[in-house]
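Geometric and topological summary
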Amino acid sequence: MQHHTLTPHGTTSPRPSRRRASRFTGAAAAVAAVVALTTLTGPRAHAADNPYERGPAPTTASIEAARGSYAVSQTTVSSLLVSDFGGGTIYYPTSTSDGTFGAVAVSPGYTGTQSSISWLGPRLASQGFVVFTIDTLTTLDQPDSRGRQLLAALDYLTQRSSVRTRVDSDRLGVIGHSMGGGGTLEAAKTRPSLRAAIPLTPWNLDKTWPEVRTPTLVVGADGDTIAPVATHAEPFYTSLPSSLDRAYLELNGATHFTPNSSNTTIAKYSVSWLKRFIDKDTRYEQFLCPLPQPSLTIEEYRGNCPHTS
């Protein structure tokens, strides 16, 4: 039955309840469409597009900070429990609410122990990574051996360690200092599935790395007399495939041993590189592209922009 109402002229017309309902339904649909569009284009959708994003949106202050947004715990791996590397310390975000994390193994240099690169452990872990700083089988191990040990450490981390359920075994990287830096290139050459490599003032007798398929940030020091950039870091960088996402950061006023103590410039660009390529977090692209300019701490920065990986 159709309902009518009396008009001022005495005639009847359809009661406006249906028209009001129709207008209300249309308005509600429009609001729903706006909400849906906002949801699809907002932060939550962005995170859904990349399920590996960890932590808040970065700022220059956040990537230069001594600690990131995650509280960090650590556990020791005794050399008696492993045979393919010398044990070490695992630093990891305490919270499990964000799911798994990407991971990185870090090697010291010639005659060095994990204490020489231990500052990287909590600093990187607090940004949302599981970090394994290792000792090598002997302090005199050469780069090829250190590369194998880095890979063995990653295998232990993902398969046997007490934090293995916190690690995404598909998102791994390597970092190393000096001969450990040469070892990172060896590891990346051997295992192209690695997502990121960062050799720090690297040393290696092999000067060319066209086989590497892992996005690589080579860090040199302008005052390095042990592994001078002209015969180590620079040719390592230039020999990487031109199609590869790669960068060369030369520290200003630095030495071969600068990576052995806390360094904001190394941390800033290491965090950005690991986030960009292990987590595929394009929020960090802003710190890598456009290319950083020379400054009080940067002698030179080269690379390809925008990144394609």
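The structure we're discussing is the one just above.
A brief structural summary.

About the thresholds
Residues numbered from 1 in each chain as written. Predicted model: local features only at pLDDT ≥ 70, side-chain atom pairs only at ≥ 80, totals over all residues. Heavy atoms only, no water. Disulfide = S-S within 2.5 Å. Helix = DSSP H or I, 4+ residues; strand = E, 2+ residues; numbered from the N terminus. Buried < 20%, exposed > 50% of the residue type's maximum accessible area, 1.4 Å probe, protein only. Pairing = 2+ DSSP bridges.

Now for the state of the cysteines. One pass over the structure, following the stated rule, counts one disulfide. For C289, the disulfide goes to C305, at an S-S distance of 2.0 Å. Classification of the bridge connecting C289 and C305 rests on its S-S torsion, roughly -85°, and on that basis the disulfide is left-handed. Of this pair, C289 sits in the loop between α8 (264–277) and β11 (298–303) while C305 sits in the segment after β11, and the two are 16 residues apart along the sequence. For C289, a relative accessible area of 13% corresponds to the buried category.

Moving on: the pairing of strand β6 (residues 129–134). Along any regular strand, the residues point their side chains to alternate faces of the sheet. Burial analysis of β6 places six of its six residues in the buried class, the great majority of the element. By the alternation rule, side chains of β6 split into F129, V131 and T133 and V130, F132 and I134, which are all buried. Strand direction decides the pairing type here: strand β4 (residues 88–93) and β6, joined by four bridges, are antiparallel. When the bridges of β6 are listed, Y91 appears paired with V131. Relative to β6, strand β5 (residues 101–107) runs parallel, the two being bridged by five bridges. By the bridge assignment, V104 is partnered in β6 with V131.

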